[in-house]
Amino acid sequence: MKLFTKLFLCFVLVYGAAFQASGYFLIGHFFDSDVEQEKKYALEQFQYSKFMVQSAIYGEPGLWEEEERMQALLDRLNTAVAIYREDGRTLACNLGREPDSALFEEASQGRVTYQIAGGGREGGSVLVCGQLGDAKENLYLVTETDISAMLLDHRAVTVYFQRLYLAAAGAGFVLILFLSLLLTRPINRVSEAAERIAQGNYGERIRTARKDEIGRLAVDFNRMARTVEEKMDEMSRMVRQKEDFVANFAHEMKTPLTSVIGYADMICHRDLPRQQVKEAAQYIVREGMRLEALAFKLLDLSVMEREDFQLEQMEASEIFEPVKKGMEPVCGERGIVFCCSVQEACIRVEYDLMETLLGNLLDNAVKADSTKIWLEGKREEKGYRITVRDNGRGISPEEIGRVSEAFYMVDKSRSRRQHGAGLGLTLASKIAQIHESRLEIASDGKSGTSVSILLACGQTRESGEGAFK
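Okay, so let's go over this structure. (Residues numbered from 1 in each chain as written. Predicted model: local features only at pLDDT ≥ 70, side-chain atom pairs only at ≥ 80, totals over all residues. Heavy atoms only, no water.)

## Looking at helix H4 (residues 148-198)
Next up, step 1: In this model, H4 (51 residues) spans 72 Å end to end at C-alpha, consistent with the 75 Å of a helix rising 1.5 Å per residue.
Next up, step 2: Along its length, H4 shows its largest kink, about 30°, at threonine 184, and proline proline 186 lies within four residues downstream of that point.
Next up, step 3: Downstream of H4 by one or two residues, glycine 200 has phi in the positive range, about 110°. (Helix = DSSP H or I, 4+ residues; strand = E, 2+ residues; numbered from the N terminus. Expected span 1.5 Å × (residues − 1). Bend = angle between axes of the 7 residues up to and from the residue.)

## Details of the pairing of strand E12 (residues 449-455)
For a regular strand, the rule is simple: side chains alternate between the two faces of the sheet.
Next up, step 1: For E12, a buried count of seven out of seven residues is recorded, marking the element as mostly surrounded by other parts of the structure.
Next up, step 2: The side-chain alternation of E12 yields two buried faces, one formed by Thr449, Val451, Ile453 and Leu455 and the other by Ser450, Ser452 and Leu454.
Next up, step 3: When strand E10 (residues 383-390) meets E12, the two strands line up antiparallel, connected through seven bridges. Note that in E12 the partner of isoleucine 386 across the bridge is isoleucine 453. (Buried < 20%, exposed > 50% of the residue type's maximum accessible area, 1.4 Å probe, protein only. Pairing = 2+ DSSP bridges.)

## Quick notes on helix H8 (residues 351-367)
Next up, step 1: In this model H8 runs 24 Å from its N-terminal to its C-terminal C-alpha over 17 residues, within 8% of the 24 Å that 1.5 Å per residue would give.
Next up, step 2: Within the sequence span of H8, burial applies to Leu353, Met354, Leu357, Leu358, Asn360, Leu361, Leu362, Ala365, Val366 and Lys367.
Next up, step 3: A positive phi of about 60° marks aspartate 369, the residue just after H8.

## Observations regarding the sheet that holds strand E7 (residues 337-342)
Next up, step 1: Judged by pairing direction, the sheet is mixed, and its five strands sit side by side in the order E7-E9-E10-E12-E11 without closing on themselves. Each having just a single partner strand, E7 and strand E11 (440-443) make up the two edges of the open sheet. Strand-to-strand twist of the sheet, defined as the mean angle between neighbouring strand axes without regard to direction, takes the value 15°.
Next up, step 2: With eight bridges joining them, strand E9 (residues 372-380) and E10 adopt antiparallel strand pairing. (Axes fitted to C-alpha atoms, helices over the stretch in contact; angles between N-to-C directions.)

## Looking at the pairing of strand E2 (residues 90-93)
Next up, step 1: As paired elements, strand E1 (residues 80-84) and E2 share three bridges and run antiparallel to each other. Among the inter-strand pairings, tyrosine 84 is bridged to a residue of E2, identified as threonine 90.

## Some remarks on the pattern of salt bridges
Next up, step 1: Scanning all chains against the criterion turns up eight salt bridges.
Next up, step 2: Close ionic contact of arginine 393 with aspartate 369 constitutes a salt bridge, the shortest N to O distance being 3.2 Å. Of this pair, arginine 393 sits in the loop between E10 and helix H9 (397-400) while aspartate 369 sits in the loop between H8 and E9, and the two are 24 residues apart along the sequence.
Next up, step 3: Across the pair arginine 385 and glutamate 380 runs a salt bridge, and its minimum N-O distance is 2.9 Å.
Next up, step 4: Overall, the relative accessible area of 16% leaves arginine 385 in the buried class.
Next up, step 5: Residue glutamate 380 is classed as partly exposed on the basis of its relative accessible area of 35%.
Next up, step 6: Linked through salt bridges whose partners overlap, the residues forming this network are Glu380, Arg385 and Glu440. (Salt bridge = Lys/Arg side-chain N within 4 Å of Asp/Glu carboxyl O.)

## Things to note about the packing of helix H7 (residues 316-334) against H8
Next up, step 1: Following both chains from N to C, one finds H7 and H8 inclined at 25°, their axes separated by 10 Å at the closest point. For the element pair H7 / H8, the angle class is roughly parallel. In this structure, the crossing between H7 and H8 has a hand that is right-handed. Residues Glu318, Ile319, Phe320, Pro322, Val323, Met327 and Arg334 of H7 form the contact with H8, whose participating residues are Tyr351, Met354, Glu355, Leu358, Leu362 and Val366.
Next up, step 2: Across the contact of H7 with H8, the residue classes break down as 10 nonpolar, no polar and three charged. (Parallel < 35°, antiparallel > 145°, perpendicular 65-115°, else oblique. Left-handed = near helix turned anticlockwise from the far one by under 90°. Contact = heavy atoms within 4.5 Å. Nonpolar A, V, L, I, M, F, W, Y, C, P; charged D, E, K, R; others polar.)

## Here's the deal with unusual backbone geometry
Next up, step 1: Residues other than glycine seldom take positive phi values, yet aspartate 369 does so here, at roughly 60°.
Next up, step 2: Notably, glutamate 436 is not glycine yet its phi reads approximately 55°, a positive angle.
Next up, step 3: Inspection of the secondary structure assignment puts glutamate 436 in the loop between helix H11 (424-434) and E11.
Next up, step 4: Look at glutamate 436 and you get exposed, because its relative accessible area is 69%.

## Considering the environment of glutamate 279
Next up, step 1: Along the chain, glutamate 279 turns up in helix H6 (residues 274-306).
Next up, step 2: With a relative accessible area of 44%, glutamate 279 lands in the partly exposed category.
Next up, step 3: Residues glutamate 279 and tyrosine 263, 16 residues apart in the sequence, show an inter-C-alpha distance of 9.4 Å.

This is how it looks when you write it as structure tokens:
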């Protein structure tokens, strides 16, 4: 059963039962109140009739023994009255209906009792019974008060209420139908949006300005849909990266292996001059070293994925000094100006990994045909920032998001000439993640590249700017 049907039936049942019950109790309350008023009036009539009959009996001794005279007395009264002997025989009567024997049994105990008789289409009345005192024989006086008008009014009110109930029920059903549609429509929209997402339209969103629970549901659904879309994009990107990784790895392996096999075959099956053999052997060695470097970097990536590294606090100079000493000969050989400016601070790092990260970033800067390279360390409000900048060939903004992918190279031919495999920034990115940070790469594609990482900064043992330059 649909939610709309459930809501509609539930509202109809609750609305109908509540309206009917309230009408039943309201009409019943007024009926009981009217009956009580009629009882009081009937009791007053009884007391009046009793007074008149007793006065006549006391004034005319022996009157009660003459039935004709007693009947004449009752006929003069304005109320329907009857007098019964103790044995139940009628002495005089002008009632419209006979009372039950139970009425006399209760009255025999000296109480004034009443009984409601009738109530159907023929009408109804209140019978009041009590004893007449000071007589030689116990006599019972019974009075009858007609309540037919009150019963007719009650039936008229009941009929009017039923008509009013039918009219209100019809209007209520229409309102309930509208409310049920109003409540279930947003849920249907959510269901339709979910179905479209299931069909692959991950950009589907629900527009709503409601601030209630339905609006909150729509907001949560949009947040979920956005998360699903991001996860699907991430999965697609990961699949693409894996495909690119396999393709690039195969290509990186195929090219040097083809050359190695070709030169080795040439050396094996041809009689070559010593110089050509030496050149072929050098090429084989060079390509073998390239494959070895590729294998080592892949091994490093595998280790970083599995090993749990412990970060330690150490002074920034302990990291930058060895890197500086190692880079100065390389830069001097290539005519590159190397500038190192570091603010002393205590940082949380894994020494070997951080040295590898800086070595890869500086190696990329050297291979970018730079004439000047900067290595900077600076304290900031949020931590300690290490930056490697160069003025070489930049990276286009479109490629910045992919340079950390395995085997991705901005300039493939130049990278291969310089024995690059496109894994340097991948390693650096993994190391940054281990240090609970990330690489921040900035370049306009023309005037060099800046790569920085923000590290957690502890308390330094010796403060000062430019501890070494």
